[in-house]
Protein chains: 2
Amino acid sequence: MGKLREPLNMLYGDNCALPLALEAMGERWSFMILRAAFNGVHHFEEFQQELSIARNILSNRLSKLVDHGIMAREVMAEDRRKVRYELTEKGLELLPAMIALRQWGEKWGAGVPSTPVLVDVLDEQPIGPVTITAHDGRPIGYKELVWKHRSELQPLGQARARTDERMAPVAAE
Amino acid sequence: MGKLREPLNMLYGDNCALPLALEAMGERWSFMILRAAFNGVHHFEEFQQELSIARNILSNRLSKLVDHGIMAREVMAEDRRKVRYELTEKGLELLPAMIALRQWGEKWGAGVPSTPVLVDVLDEQPIGPVTITAHDGRPIGYKELVWKHRSELQPLGQARARTDERMAPVAAE
DNA sequence: ATTTTAGGTTGCAAAATGAAATTTAGGATG
DNA sequence: CATCCTAAATTTCATTTTGCAACCTAAAAT
């Protein structure tokens, strides 16, 4: 495991975006609502029926998602009772995180073959696993990763020649 | 996006692994504990200090993570008061999901340059963005994705626009 | 004008959360 | 041995968050 210990005490100011992401998406229903949205659900009653979520919670979560800029709320012109919730760019970019979670659940849960499946529009083949990639796109696993402080980063093109004791992989120990 | 509406009502049996994943990781502190674990935190008091989390909640969450097989709990031989919490394979494989969330937070949060950063052990360059990839490794965005039911899947080889090259090395970000 | 529909609010009980004190078990010290 | 110390939990109790059910309101529909 990496030598460097990330100071994640948010008391003295946090320098990791994870808590930030969790503030927006860390609540129970947030990802479920997001999934429904990715599946083309746009209206309150639709969400409510699909998720069997309490109306007040749904209301509250939708508002929060809108506040966080993940969904956009638009009162529809043709029927002004209707409100349409739409994923923003910011919301759409949560897809990798959602798929990563889902794939993990699929792999480690009791053999749940999730349906439907996301396929590439070009070849209609299911997507591959969401992976971490090196700067050049090579997929790499946790064994090939280390934590580094920004200040210690090597400029591109100066790969390290030899490995010393600071190079313990993330998962070691 | 998707044409098909995923029936996510878990009342009549669910066929998506996302709720399953959320059951294990959907609570507020779960990802924060996971992050600390990835950073080399192994002991109760360490977690407690780093996260400033209430002790009872920490105790409860660690138990749950152990129950879910995400962390292993080992009473240490040399001092049997001490308990060591270690990420299992299952836990380690949550890294893509965690990084995806973190990167999302980094991109959309108020310009938080997260530190430390994960780097490739080989070239010490920071990792690229976590992306969704096609079956052949090509990274694809949400615009190129559709939902399909398993039954409708094309057998591999009958795809329209095949790209059978290995990983397209796309310079990330 | 009444009814229906979409999208919410309330009110209240149950559950989750968190801070602080207490407990349990194992080690260290005199 | 008797005492103190430490790591990890658990208990207690006040605060928050959740969830169900019922109610509200504006805009269509009839």
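Structural notes, computed from the coordinates.

**Side note on the protein's contact with DNA strand C**
Here comes step 1: Near DNA strand C you find 19 residues, and of these R73(A), V83(A), Y85(A), N56(B) and R61(B) are the closest.
Here comes step 2: Backbone sugar and phosphate groups make up 63% of those atoms of DNA strand C lying within 4 Å of the protein.
Here comes step 3: Here S59(A) contributes a side-chain N or O atom positioned 3.3 Å from a phosphate oxygen of DNA strand C.
Here comes step 4: W29(B) is positioned with one of its side-chain polar atoms (N or O) 3.2 Å from a phosphate oxygen of DNA strand C.
Here comes step 5: Sorting the residues of the surface near DNA strand C by element identifies helix 3 (44–51), helix 4 (55–67) and strand 2 (83–87) of chain A together with helix 4 (55–67) of chain B as the ones contributing at least two each.
Here comes step 6: Along the lines of polarity and charge, the residues of the surface near DNA strand C split into 6 nonpolar, 4 polar and 9 charged.

**With respect to empty space enclosed by the protein**
Here comes step 1: One pass over the structure, following the stated rule, counts 1 cavity of 30 Å³ or more.
Here comes step 2: The calculated volume of the largest cavity comes to roughly 90 Å³.
Here comes step 3: Taken together, 14 residues line the largest cavity, and the ones lying closest to its centre are M25(A), G26(A), F31(A), M25(B) and G26(B).
Here comes step 4: Looking at the lining of the largest cavity, the elements with two or more residues in it are helix 1 (18–25) of chain A together with helix 1 (18–25) of chain B.
Here comes step 5: For the lining of the largest cavity, the class distribution of residues is 8 nonpolar, 2 polar and 4 charged.

**Things to note about the nonpolar core**
Here comes step 1: By size, the foremost hydrophobic cluster in this structure holds 86 residues, and its most contacted members are F47(A), I70(A), M71(A), F47(B), I70(B) and M71(B).
Here comes step 2: Summarising the domain contributions, this core has at least three residues from each of domain 1 (1–93) and domain 2 (114–173) of chain B.
Here comes step 3: Discounting chain neighbours no more than four positions away, the residues touching I70(A) are A24(A), M25(A), L34(A), L65(A), E86(A), L87(A), T88(A), G91(A), L94(A) and W104(B).

**Quick notes on the relation of the copies chain B and chain A**
Here comes step 1: Take chain B, turn it by 180°, move it 0.0 Å along the axis, and it overlays chain A with an RMSD of 0.1 Å. Given the turn and translation reported, the copies of this chain are related as if by a two-fold rotation axis.
Here comes step 2: Comparing interface residues between copies, 93% of those in chain B also lie at the interface in chain A; the contact surface is shared.

Basis of the calculations
- All residue numbers refer to position in the chain's written sequence, counted from 1.
- Here chains are named by letter from A upward and ligands by number from 1 upward, in the order in which they appear as written.
- Where local features are concerned, this predicted model is filtered to residues with pLDDT of at least 70; where side-chain atom pairs are given and counted, the filter is 80 or more; whole-chain, interface and lining totals use all residues.
- As a rule here, side-chain values cover all heavy atoms of the structure and leave hydrogens and water aside.
- Nearness here has a simple test: a residue counts as near a molecule or strand if at least one of its heavy atoms is within 4 Å of that partner.
- Any pair of nitrogen or oxygen atoms within 3.5 Å is treated as a polar contact; in protein, a donor-acceptor pairing is required on top of that, and neighbouring residues in sequence qualify only through side-chain atoms on both sides.
- Helical segments are the DSSP runs of H or I of at least four residues, strand segments are the runs of E of at least two, and each set is numbered from the N terminus.
- Note on residue classes: Ala, Val, Leu, Ile, Met, Phe, Trp, Tyr, Cys and Pro are nonpolar, Asp, Glu, Lys and Arg are charged, and everything else, Gly too, is polar.
- Lining residues are those with an atom within 4 Å of a point, where the points come from a 1 Å grid over the protein atoms alone and group into cavities, where a 1.4 Å probe fits but cannot get out, or pockets, open sets with protein on both sides within 12 Å along at least five of seven lines.
- Grid points are joined across faces, edges and corners, and a volume is the space filled by probe spheres set on the points.
- The set of buried Ala, Val, Leu, Ile, Met, Phe, Trp, Tyr and Cys residues whose side-chain atoms join them within 4.5 Å is what this entry labels a nonpolar core.
- Each residue is placed in one exposure class: buried if its accessible area under a 1.4 Å probe, protein chains only, is under 20% of its type's maximum, exposed if it is over 50%, and partly exposed if it falls in between.
- Source of the domain bounds: an automatic or database domain assignment.
- Every residue pair with non-hydrogen atoms within 4.5 Å of one another is taken to be in contact.
- Superposing copies: least-squares fit, C-alpha atoms only, residues required to have pLDDT of at least 70 in both.

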